[in-house]
Amino acid sequence: EEKPVIMINFKTYNESYGFRAHDIAEAAETVAEESGIEIVICPGFMDIHPMSNHYRLPVFAQHIDGISPGAHTGHILAEAVRAAGATGTLINHSERRLTLADISAAVDAAKRANLKTVVCTNNTATSGAAAALSPDYVAIEPPELIGSGISVATADPEIIENSVNAVKSVNKDVKVLAGAGISSGSCVKRAVELGSDGVLLASGVVKAEDPAVVLRDLVSKI
Ligand code: G3P
């Protein structure tokens, strides 16, 4: 049994780019190393290279486009994200939704560039559909709970269990993350008891006065 993973999505908060991204990454690196729990950070594109250069944490992008190298002005190329030091990417986050065809193309682009894939979903049916693309992870996040401070693990435990079942019935090798309103070690513990392989969270850490305090609590019951 692998230990659960904690992924921190920096989003585009004022607290999470530039020098403030360093404060969060610094705290995450300290807590990852003292706990032995894997903490993945997902900073904005401009911060991928500084983060991968300065910290020993896995860095994932928040999005990539399903394009190949060539003439695609303004798009995000998987190979360029990999070259900047990312080793994975979120795809289809609720705040960066794609069509099914675009999700499939983005997963293919990521695999081609040797990036791990986390396909985000909003309900059980889309979790099952995402699993058919064989990403490394499906991350179930009920949109109404994102950024609410109300934990999916207590407010909607069935969506985690049902998504785990939907994903595993399509492809048992795909891991499942749960997200939305996760902010404590109890949420993480509950999410894992419900069958998930870890959590994806943002505001609980990014907007915390002291991210290290929250991160220590997050890993405390694993
Ligand atoms: O990707 C994580 C996210 O959408 C959940 O956000 O702020 O509820 O942890 P938050």
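All values reported here derive from a predicted model rather than from experimental measurement.

S.K.: Just give me the short version of the overall build of the protein, but keep the residues and values in it.
M.R.: Across its full length, the protein holds 10 helices and eight strands. At 16 Å, the protein has a C-alpha radius of gyration in line with the 17 Å of a compact globule built from 222 residues. Oriented by its inertia axes, the alpha-carbon framework of the protein measures out at about 45 × 40 × 30 Å. When each of the 222 residues of the protein is scored for burial, the buried share is 52%. Taking the contacts inside the protein whose residues are at least 6 apart along the sequence as the reference set, 66% of them involve residues at least 24 apart. Element-wise, carbon and sulfur atoms account for 50% of the exposed surface of the protein, whose accessible area totals about 9800 Å². Computed over 18 positive and 27 negative side-chain charges, the separation of the two mean positions in the protein equals 2 Å.

S.K.: Can you explain the environment of isoleucine 182? Please cite residues and give values.
M.R.: Note on placement: isoleucine 182 falls in the loop between strand E7 (175-179) and helix H8 (185-193). Residue classification places isoleucine 182 among the buried residues on the basis of a relative accessible area of 2%. Leaving out residues up to four positions away in the same chain, isoleucine 182 has contacts with Ser151, Val152, Cys187, Val188, Val199, Leu201, Gly204 and Leu218.

S.K.: I'd like a description of unusual backbone geometry, backed by residues and values.
M.R.: The backbone phi angle of asparagine 92 is positive, close to 65 degrees, even though this residue is not glycine. Inspection of the secondary structure assignment puts asparagine 92 in the loop between strand E4 (88-91) and helix H4 (100-112). In this structure, alanine 180 is a non-glycine residue whose phi angle is positive, near 110 degrees. For alanine 180, the position within the fold is in the loop between E7 and H8.

S.K.: How would you summarise the side chain of threonine 117 if you had to cite specific residues and measurements?
M.R.: Tracing the sequence through the fold places threonine 117 in strand E5 (residues 116-121). On the accessibility criterion, threonine 117 (0% relative accessible area) is buried. When residues no more than four places from it in sequence are discounted, the contact partners of threonine 117 are Thr89, Ile91, Val107, Ala110, Pro135, Asp136 and Tyr137.

S.K.: Hey, could you go over the site of the ligand for me, with residue numbers and the actual values?
M.R.: Neighbouring the ligand are Asn9, Lys11, His93, Glu141, Ile146, Gly147, Ala180, Gly181, Leu200, Leu201, Ala202 and Ser203. Asparagine 9 has a polar side-chain atom sitting 3.1 Å from an oxygen atom of the ligand. Between the ligand and serine 203 there is a distance of 2.5 Å, counted from an oxygen atom to a side-chain nitrogen or oxygen. Isolated, the ligand exposes 310 Å² of accessible area, and the fraction of that covered by the protein chains is 100%. Of the residues in the shell around the ligand, the class split is five nonpolar, five polar and two charged.

S.K.: Could you give me a rundown of the nonpolar core, with the residues and numbers involved?
M.R.: Counting residues in each nonpolar core, the largest one holds 65 residues, and the members touching the most others are Ile6, Ile8, Ile39, Ile64, Ile160, Leu215 and Leu218. At seven residues, the largest contribution of residues to this core is made by helix H1 (residues 19-35). When near neighbours in sequence (up to four residues on either side) are disregarded, isoleucine 8 contacts Ile39, Val40, Ile41, Cys42, Leu201, Val205, Val206 and Leu215. In terms of nonpolar packing, the next biggest core, distinct from the first, is built from 12 residues, Val5, Leu90, Tyr137 and Ala139 among them.

What counts, and at which threshold
- Residues numbered from 1 in each chain as written.
- Predicted model: local features only at pLDDT ≥ 70, side-chain atom pairs only at ≥ 80, totals over all residues.
- Heavy atoms only, no water.
- Helix = DSSP H or I, 4+ residues; strand = E, 2+ residues; numbered from the N terminus.
- Rg over C-alpha atoms; globule rule 2.2 N^0.38 Å.
- Buried < 20%, exposed > 50% of the residue type's maximum accessible area, 1.4 Å probe, protein only.
- Contact = heavy atoms within 4.5 Å.
- Areas by Shrake-Rupley, 256 points an atom, 1.4 Å probe, with all protein chains shown as cover.
- Lys, Arg positive; Asp, Glu negative; His and termini not counted.
- Charge placed at Lys NZ, Arg CZ, Asp CG, Glu CD.
- Near = heavy atom within 4 Å.
- Polar contact = N/O pair within 3.5 Å; in protein donor to acceptor, adjacent residues only side chain to side chain.
- Nonpolar A, V, L, I, M, F, W, Y, C, P; charged D, E, K, R; others polar.
- Core = buried A, V, L, I, M, F, W, Y, C linked by side-chain atoms within 4.5 Å.

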